[in-house]
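Observations on the model geometry
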Amino acid sequence: MVSLSAAEKNRGANSANRVARRTARAQFMGHEGRTYHTLLGEQALRTNFGGAEVMRGQLAHLLEALELPGLRLGIIPSRAELALFPGHAFSIFDDRQVKIETYSAGLNITDEAEVTAYRKAFAWLARSAVYGEAARRLIEEELRAVS
């Protein structure tokens, strides 16, 4: 079990590790037909983790990311009707593997039935998301609010 004080000590290192992993994944977007479809709840645009300057940088990065080949970014508006409670964050890789990061461990799911359940959950959540210009407007609105 990780204590809060241990988690606080490692927060900077863990954050740097997460950024490095995301950056490594991002280099493959658009190459050889690879795609990356991601969903964010609108609340993620408003959650201030790191201060206003960090938030402005993250929101600006999302605006730039909307132009990346191979990236499909959906934002689930806070007032969207949902077919499924979003629950915990997860990533699906090549429709064969689901990765879940918790506070204390990473879970790696490869059972076909379990992966199928996560694919269905993602599809239900994606139906509630907005894309393209509607997503851009939500990001820009929050960027103005933080500035």
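This text goes with the structure placed above it.
Residues numbered from 1 in each chain as written. Predicted model: local features only at pLDDT ≥ 70, side-chain atom pairs only at ≥ 80, totals over all residues. Heavy atoms only, no water.

1. Some details on the sheet that holds strand β4 (residues 97–101)
The sheet built from three strands is open, its strands ordered β3-β4-β5 with antiparallel pairing. Across the chains shown, the open sheet's two edge strands, defined by having one partner strand only, are β3 (91–93) and β5 (106–109). Each neighbouring strand pair of the sheet contributes to a mean axis angle of 20°, computed without reference to strand direction. One ladder, built from four bridges, connects β4 with β5; its direction is antiparallel. When the bridges of β5 are listed, Val 98 appears paired with Ile 109. Its contacts with the sheet place helix α4 (residues 112–127) against β3, β4 and β5, and it is angled at close to 70° to β4. (Pairing = 2+ DSSP bridges. Helix = DSSP H or I, 4+ residues; strand = E, 2+ residues; numbered from the N terminus. Axes fitted to C-alpha atoms, helices over the stretch in contact; angles between N-to-C directions. Contact = heavy atoms within 4.5 Å.)

2. Observations concerning the packing of aromatic side chains
For the coordinates displayed, the defined rule picks out one aromatic pair. Summarising the aromatic geometry, the rings of Phe 90 and Tyr 118 are spaced 4.8 Å apart at their centres and angled 70° between planes, so their arrangement reads as edge-to-face. Here the residue Phe 90 occupies a position in the loop between β2 (71–76) and β3, and Tyr 118 occupies one in helix α4, the gap between them amounting to 28 residues. In this structure, Arg 72 is placed above the aromatic ring of Tyr 131, and the distance from its NZ or CZ to the ring centre is 4.0 Å. Over the face of the ring belonging to Phe 93 we find Lys 99, whose NZ or CZ atom lies 5.8 Å from the ring centre. (Phe/Tyr/Trp six-rings, centres within 6.5 Å; stacked < 30°, edge-to-face > 60°. Lys NZ or Arg CZ within 6 Å of the ring centre and 35° of its normal.)

3. Quick notes on the nonpolar core
Membership of the largest hydrophobic core comes to 15 residues, with the highest contact counts inside it found for Leu 45, Leu 59, Leu 73, Ile 75 and Ile 139. Once you skip the residues sitting within four places of it in the chain, Ile 139 turns out to touch Leu 45, Leu 59, Leu 62, Leu 63, Leu 66, Leu 73 and Ile 75. In terms of nonpolar packing, the next biggest core, distinct from the first, is built from 13 residues, Ile 100, Val 115, Ala 126 and Ala 129 among them. (Core = buried A, V, L, I, M, F, W, Y, C linked by side-chain atoms within 4.5 Å. Buried < 20%, exposed > 50% of the residue type's maximum accessible area, 1.4 Å probe, protein only.)

4. Quick look at the pattern of salt bridges
One pass over the structure, following the stated rule, counts six salt bridges. Across the salt bridge formed by Arg 96 and Asp 94, the nearest N and O atoms sit 3.7 Å from each other. No difference in accessibility class separates Arg 96 from Asp 94, as the two residues are exposed. Two residues, Arg 136 and Glu 133, come together in a salt bridge whose shortest N-O distance is 3.7 Å. You can see Arg 136 and its partner Glu 133 sitting in helix α5 (residues 132–146), three residues apart, about one turn around the helix. Via salt bridges that share partners, Glu 42, Arg 46, Glu 141 and Glu 142 belong to a single interconnected network. (Salt bridge = Lys/Arg side-chain N within 4 Å of Asp/Glu carboxyl O.)

5. Overview of the side chain of Glu 142
Counting through the fold element by element, Glu 142 comes out in helix α5. In this structure Glu 142 touches Leu 45, Arg 46 and Leu 59, once residues within four positions along its chain are discounted.

6. Points about α4
A rise of 1.5 Å per residue sets the reference length of α4, with its 16 residues, at 22 Å; its end C-alpha atoms lie 23 Å apart and thus fit the reference within 8%. For α4, the set of buried residues is Val 115, Tyr 118, Ala 121, Phe 122, Leu 125 and Ala 126. Angularly, the buried residues of α4 cover 135° about the axis, an arc narrow enough to put them on a single face. α4 presents Glu 112, Ala 113 and Arg 127 as exposed residues on the side facing more than 90 degrees away from its buried surface. Buried residues belonging to α4 abut β1 (36–41), β2, β3, β4 and β5. Where α4 starts, the residue carrying a side-chain oxygen 3.2 Å from the main-chain nitrogen of Ala 113 turns out to be Asp 111. (Expected span 1.5 Å × (residues − 1). Arc of directions from axis to C-beta. Polar contact = N/O pair within 3.5 Å; in protein donor to acceptor, adjacent residues only side chain to side chain.)

Purely geometric numbers; function is a separate question.
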